[in-house]
Structures are given as structure tokens and as C-alpha cells.
Amino acid sequence: MDKSTQLNSPIHYEQIINRAQDRVIDALARNIDLYGITMSIGHLYGTLLFQDKPMTLDEMGEALGMSKTSMSTGVRTLLDLNMVNKVWMKGTRKDHYEIEQDWYQNFIDYFSIKWRKGIDDNIQSLRKSLQELKFLQDKEDLPEPLRDKVEKDIEKIKNALEYYNWINRLIDTFESHEIFKYVPKNEGAE
């Protein structure tokens, strides 16, 4: 077979498809890694993206050359972030998984979950500190230099709470999809 025949063969076409998929999977894994999800979980997500059917943990492990335990941990992470769905398959007892195809919703879910957790932790700390500082502020025997410090710190904490309130409202616009009024989905982008 000459070179031009080889380049126009189904085997060559399949190689191009596999190379294109591998490139996207690797890019997704690197991108997901930026957001605190391991590259192996990113590769799992990318692999699921290009499947035409839901996969079991065994199938994922075989496709990625990893253990079932690793696949289970990865899928659990992706399930917690609403990036993967468990699907029922007739005639089998094994769990099957597929990715959530709506990338906009993936972004919303991922950041909403992460942001809300961070915000809740920070707000709790800020409120506790604010309560303690207000207790001191009410003390009549608090020396003036300390009173000034307490009042400045209270103001800083109030500013931080206002900021976290704004972030919560921003997250609300994502979760309600109101954000798309301000930043529309770009249909048909290449």
C-alpha cells in the first residue's frame, strides 16, 4: 500500500480521531488540575467525555490503566461536583457513569460548591471574631489604644462580611442562571 492510500485508510482516520481525543483529554486534565482536581481525575473526566455509552468502574480502570479503587475515588469526586451522573443500565448490577454534558452547568456547580464552602467557613470565622471584638468594644475599662484597634478590626471584618455577601449573591446569579442575562452563552463558537 502506498503512502497516499495509507493516509486515506480507516486506520489512519481512526488514528487522527484518537490523537484529537487524547489532546482534548490531556488539555481538560491540565485545566481541571488548575482548579484543585487531580490530573488523573481530569483524565477520567475526559475519557468519559468521549464515550458513547456510560462506563463501569472496571471499564474506566481498563481504559486508563488504573485500579478500580482509583476510579472509585475519582468518580466520587466528580459525583460530588455534579460533573458525573450515575445512570441505571438494564440487565446489570454494576453502577455506570457518564459525564454531565452541560459544561455551563458543570462550571456553575463546581464553582458554586467550592465558593459556598469557602465562604461559609470564612463567614463563620468572621462572625465569631466580630462577636468577640464587640464584647471587648463594650468594655468600659478597655484602654484607648486597644479600643482603636478593636474598632478598626471590626470595620475590616464588616467589610469582609459585605464582600462575602456579594460573592453569595454572585453565586445566586450562577445557580439561577440569571448570569446568562449579563454574560450570554456564546452559541456556535469555534
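Nothing here was measured: the structure is a model prediction, and the numbers come from that model.

Caption draft 1: Spotlight on the overall build of the protein. The secondary structure content of the protein amounts to eight helices and two strands. Taken from the N to the C terminus, the helices and strands of the protein come in the order α-α-α-α-α-β-β-α-α-α. In terms of C-alpha radius of gyration, the protein reaches 25 Å, well past the compact-globule figure of 16 Å for 190 residues. Projecting the C-alpha coordinates of the protein onto the three principal axes gives extents of approximately 95 × 40 × 30 Å. Counting over 190 residues, the protein shows a buried share of 31%. Residue pairs at least 24 apart in sequence account for 54% of intrachain contacts in the protein once pairs closer than 6 positions are excluded. Entry remark: accessible area of the protein is about 13,300 Å², with carbon and sulfur atoms responsible for 52%.

Caption draft 2: Focus on the packing of helix 6 (residues 103–137) against helix 7 (residues 144–175). Where helix 6 meets helix 7, the axes come as close as 9 Å, and the angle between the chain directions of the two elements is 160°. Accordingly, the angle class assigned to the pair helix 6 and helix 7 is roughly antiparallel. Considering only the axes of helix 6 and helix 7, their crossing is left-handed. When the residues that make up the contact of helix 6 with helix 7 are grouped by side-chain class, the tally is 19 nonpolar, five polar and nine charged.

Caption draft 3: Main features of the packing of aromatic side chains. A complete count under the given rule lists 10 aromatic pairs for this structure. Both rings, one in Tyr110 and one in Phe111, keep their centres 5.0 Å apart while their planes meet at 90°; by these two values the pair is edge-to-face. What makes Phe111 buried here is its relative accessible area of 14%. Put simply, the rings of Tyr35, Phe107, Tyr110, Phe111, Trp115 and Phe174 pair up and form one aromatic cluster. If you follow Lys185 out to its NZ or CZ, it ends over the ring of Phe180, 4.8 Å from the centre.

Caption draft 4: Focus on the pattern of salt bridges. Inspection of every chain in the model, using the stated rule, returns nine salt bridges. As a salt-bridge pair, Lys68 and Asp58 come within 3.8 Å of each other at their nearest N and O atoms. With Lys68 in helix 5 (residues 68–80) and Asp58 in helix 4 (residues 57–64), this residue pair connects regions lying 10 residues apart in the sequence. On the basis of relative accessibility, which here comes to 33%, the residue Asp58 falls in the partly exposed class. The partner of Asp58 in a salt bridge is Lys94, and the shortest N-O contact between them spans 2.6 Å. Separated by 36 residues along the polypeptide, Asp58 in helix 4 and Lys94 in the loop between strand 1 (84–87) and strand 2 (96–99) bring together distant segments of the chain. The network of salt bridges with shared partners includes Asp58, Lys68 and Lys94.

Caption draft 5: Representation of the environment of Ile41. Mapped onto the elements, Ile41 comes out in helix 3 (residues 39–49). Take Ile41: its relative accessible area is 10%, and that puts it in the buried class. Separated by 80 residues in sequence, Ile41 and Asp121 have C-alpha atoms that sit 26 Å apart. Discounting residues that sit within four places of it in the chain, Ile41 has contacts with Gly74, Thr77 and Leu78.

Caption draft 6: Geometry of the nonpolar core. With 21 residues, the main nonpolar core has Ile37, Leu44, Tyr45, Leu48, Met60, Leu78 and Met83 as its most contacted residues. Elements that contribute at least two residues to this core include exactly helix 2 (10–34), helix 3, helix 4, helix 5, strand 2 and helix 6. It is helix 3 that contributes the most residues to this core, five residues altogether. Among the nonpolar cores identified, the runner-up in size contains 13 residues, and Leu126, Val150, Tyr164 and Ile171 belong to it.

Cut-off values and rules
- All residue numbers refer to position in the chain's written sequence, counted from 1.
- Since the coordinates come from a predicted model, pLDDT governs what is reported: local features require at least 70, and pairs of side-chain atoms require 80 or more to be given and counted, while whole-chain, interface and lining totals use all residues.
- To obtain the side-chain values, all non-hydrogen atoms of the structure were used and water was disregarded.
- Only DSSP runs of H or I covering at least 4 residues are called helices, and only runs of E covering at least 2 are called strands; the numbering of each starts at the N terminus.
- A radius of gyration in this sense is built from C-alpha atoms; the matching globule rule multiplies 2.2 Å by the number of residues raised to 0.38.
- Throughout, exposure labels follow a simple rule: accessible area from a 1.4 Å probe, protein chains only, divided by the maximum for the residue type, with under 20% read as buried, over 50% as exposed, and the rest as partly exposed.
- By the convention used here, residues are in contact when the closest approach between their heavy atoms is within 4.5 Å.
- Using a 1.4 Å probe, the Shrake-Rupley method yields the accessible areas, and only the shown protein chains count as cover for residues.
- For helices, the fitted axis covers only the stretch in contact; all axes are lines through C-alpha atoms, and the angles between them, taken along N-to-C directions, range from 0 to 180 degrees.
- Any angle between 65 and 115 degrees counts as roughly perpendicular, while under 35 counts as roughly parallel, over 145 as roughly antiparallel, and the rest as oblique.
- Here a crossing is called left-handed whenever its near helix is offset anticlockwise from the far helix by less than a right angle, and right-handed whenever the offset is clockwise.
- Gly is placed with the polar residues, together with every amino acid not listed as nonpolar (Ala, Val, Leu, Ile, Met, Phe, Trp, Tyr, Cys and Pro) or charged (Asp, Glu, Lys and Arg).
- Only Phe, Tyr and Trp rings take part, Trp by its six-membered ring, and two of them pair if their centres are within 6.5 Å. Stacked means planes under 30 degrees apart, edge-to-face means over 60, and tilted covers everything else.
- Charges are assigned to positions over rings by a cutoff of 6 Å between ring centre and Lys NZ or Arg CZ, combined with an angular limit of 35 degrees from the ring normal.
- By definition here, a salt bridge exists when the distance from a side-chain nitrogen of Lys or Arg to a carboxyl oxygen of Asp or Glu is within 4 Å.
- Residues belong to one nonpolar core when they are buried, are Ala, Val, Leu, Ile, Met, Phe, Trp, Tyr or Cys, and are joined through side-chain atoms within 4.5 Å.

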